[in-house]
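# Secondary and tertiary structure notes
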Amino acid sequence: MEINKIMVIGAGQMGSGIAQVCAQAGYNVYLNDLKQDFVERGLGVINKNLSRQVDKERMTAGEMDEVLSRLTPSTTLQDAKAVDLVIEAAVENMEIKTKIFSDLDAIAPEHAILASNTSSLPITEIAAATKRPEQVIGMHFMNPVPVMKLVEIIRGLATADEVYEAIETMTNNLKKVPVEVNDFPGFVSNRILMPMINEAVYTLYEGVATKEAIDEVMKLGMNHPMGPLTLADFIGLDTCLYIMETLHEGFGDDKYRPCPLLRKYVKAGWLGKKSGRGFYVYE
């Protein structure tokens with residue numbers, strides 16, 4: 001299974017990062033989103049990232065132009081007719097994802113692999129929206145994509161071995177580290193990370209310590225690069241809540257029950273860095 005052309009669906013932070021690393025690895029990439037404005041914003045972020053690399057003399061201006069020449073803006077899923085792999089990085093919502101995969105199944109060539117960058121939703125359920133479940137797989141990149149090395153590769157119930165091997169090879173080509181994971185809610189990364197963040201929110205909620213103290217304990221005591229409440233703000237509190245709800249529903253275990261304070265902040269629109277306020281205030 002040879003991969004040459006790729007479509008990335010979703011030109012936000014994750015999608016633009018995935019498109020960038022694919023183009024840097026020599027793949028031709030369609031960067032797709034619903035509106036031209038979204039695509040242009042995503043391409044602008046890529047341009048900025050690459051310009052920084054040129055300024056630091058990690059790549060030449062010529063190499064940057066080559067990378068950008070491999071990126072093609074797209075606002076229609078019909079462009080998937082010409083690709084070998086689609087990586088979906090749309091909003092973390094099962095209804096939206098299954099609709100995209102159902103549409104892609106009718107458009108993409110028979111040999112094309114359909115991958116999802118979901119951080120918590122079951123690949124098997126996404127695959128069931130297609131007539132090619134053996135060619136559906138999870139590729140969970142970490143944020144920020146150009147910097148972070150890990151890609152969780154998630155097999156659905158029907159994912160074929162050759163599909164897994166093709167994605168593993170491609171992940172290595174991206175200079176990332178592939179880790180094979182089975183299809184359980186939250187996979188490995190979020191099954192461990194999100195309950196830790198949720199417990200930090202409970203610690204604040206119950207008045208055990210201030211937010212600054214909680215973050216300092218985890219940074220200085222456990223050598224984490226940032227505290228869990230700061231990290232939650234960077235991820236987005238709405239995303240944290242959604243993943244905790246997915247874990248709670250998927251396992252039916254109250255140890256995954258989202259903290260009421262997390263729900264309250266999301267209802268207030270305090271979503272973290274992206275909204276200007278979460279556990280901390282951002283200018």
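Residues numbered from 1 in each chain as written. Predicted model: local features only at pLDDT ≥ 70, side-chain atom pairs only at ≥ 80, totals over all residues. Heavy atoms only, no water.

### Points about helix α9 (residues 228–235)
Every α-helical turn comprises 3.6 residues, leaving residues that sit three or four positions apart pointing alike. Threshold: Remark: exposure states derive from per-residue accessible area (1.4 Å probe, protein chains only) relative to the maximum for the residue type, with buried under 20%, exposed over 50%, and partly exposed in between. Only DSSP runs of H or I reaching four residues or more are called helices, and only runs of E reaching two or more are called strands; each is numbered from the N terminus. The contact rule is simple, with two residues in contact once any of their heavy atoms fall within 4.5 Å.
Taken as a whole, α9 has its buried residues at Pro228, Leu229, Thr230, Ala232 and Asp233. Against the buried residues of α9 lie α7 (189–205), α8 (211–222) and α10 (237–251). Immediately beyond the C-terminal end of α9, within one or two residues, lies Gly236, with a positive phi of roughly 110°.

### Quick notes on the pairing of strand β8 (residues 177–182)
What counts is decided by this rule: Pairing between two strands requires that DSSP report at least two bridges joining them. Crossover handedness is defined by viewing with both strands directed away from the observer: a clockwise path from the first strand over the helix to the second marks the crossover as right-handed.
Note: strand β7 (residues 150–155) against β8, 6 bridges, orientation parallel. Pairing of Ile153 across the sheet is with Glu180, part of β8. Crossover connection from β7 via helix α6 (residues 161–173) to parallel β8: handedness right-handed.

### Structural notes on the packing of aromatic side chains
Short version of the rule: Stacked, tilted and edge-to-face pairs are distinguished by plane angle, under 30 degrees for stacked and over 60 for edge-to-face with tilted covering the rest, among Phe, Tyr and Trp rings (Trp via its six-membered ring) whose centres lie within 6.5 Å. We call a charge positioned above a ring when the Lys NZ or Arg CZ atom is no farther than 6 Å from the ring centre and deviates by at most 35 degrees from the ring normal.
Scanning the entire structure with this criterion turns up 5 aromatic pairs. When the centroid spacing of 5.1 Å and the interplanar angle of 75° are considered together, the rings of Tyr265 and Trp270 count as edge-to-face. With relative accessibility at 15%, the residue Tyr265 sits in the buried group. Following the ring pairs from residue to residue traces out a cluster consisting of Tyr265, Trp270 and Phe279. Over the ring of Tyr280 we find Lys211; its NZ or CZ atom is 5.6 Å from the centre of that ring. The residue whose ring lies beneath Arg277 is Trp270, and the NZ or CZ to ring-centre distance is 3.8 Å.

### Thoughts on the UniProt feature "domain: 3-hydroxyacyl-CoA dehydrogenase NAD binding" (unreviewed entry) in the chain
Note the following rule: UniProt positions are given in the numbering used here, feature names are shortened, and annotations may be inferred rather than shown by experiment.
Under the UniProt annotation, the feature "domain: 3-hydroxyacyl-CoA dehydrogenase NAD binding" (unreviewed entry) is placed at residues 5–183. Secondary structure across residues 5–183 divides into 41% helix and 22% strand, with the first and last C-alpha atoms of the span separated by 26 Å.

### A short note on the side chain of Asn49
With respect to the helices, strands and loops of the structure, Asn49 is situated in helix α2 (residues 36–55). According to the relative accessible area criterion, Asn49 is buried, its value standing at 19%. Ignoring anything within four residues of it in the chain, the contact list for Asn49 reads Gln20 and Pro146.

### Quick look at a positive patch on the surface
Filter applied, for reference: Only residues whose relative accessible area exceeds 30% and that take part in no salt bridge are eligible for patches, with like-charged residues grouped when within 9 Å of each other and nonpolar side chains (Val, Leu, Ile, Met, Phe, Trp, Tyr) grouped when within 5 Å. For every accessible area listed, the method is Shrake-Rupley and the probe measures 1.4 Å; residues are considered covered only by the protein chains on display. Salt-bridge detection follows one rule: a side-chain nitrogen of Lys or Arg within 4 Å of a carboxyl oxygen of Asp or Glu. Charge counting treats Lys and Arg as positive and Asp and Glu as negative, with His and both chain ends excluded. To locate a charge, the coordinates of NZ of Lys, CZ of Arg, CG of Asp or CD of Glu are taken.
Together, Lys48, Arg52, Lys56 and Arg58 make up a region of like positive charge exposed at the surface. Take Arg52: it is sitting in helix α2. Taking the relative accessible area as the measure of exposure, Arg52 reaches 38% and is therefore partly exposed.

### Brief notes about helix α11 (residues 260–267)
Here is the rule we go by: Summarising the geometry, the arc corresponds to the directions from the helix axis toward the C-beta atoms.
Of the residues making up α11, those classed as buried are Leu261, Leu262 and Tyr265. Buried positions in α11, seen along its axis, are confined to an arc of 105° and lie on one side of it. Across from the buried face of α11, at angles greater than 90 degrees, the exposed residues are Lys264 and Lys267. Contacts from the buried residues of α11 go to α7 and α10.

### Remarks on the state of the cysteines
Note the following rule: A pair of cysteine sulfur atoms is labelled a disulfide when the two atoms are within 2.5 Å.
Tallied over the entire structure, the rule returns 0 disulfides. No disulfide involves Cys259; its sulfur sits 12 Å from the nearest other cysteine sulfur, which is in Cys240.

### Focus on the nonpolar core
Where we set the bar: Buried Ala, Val, Leu, Ile, Met, Phe, Trp, Tyr and Cys residues that are joined via side-chain atoms within 4.5 Å together make up what is termed a nonpolar core.
Membership of the largest hydrophobic core comes to 37 residues, with the highest contact counts inside it found for Ile3, Ile6, Cys22, Leu85, Ile87, Phe141 and Met170. Here Ile6 is in contact with Cys22, Tyr27, Asn28, Val29, Tyr30, Val83, Leu85, Ile87 and Met170, once residues within four sequence places are set aside. Core analysis: the second largest hydrophobic core is formed by 23 residues, Ile100, Leu104, Ile123 and Ile126 among them.

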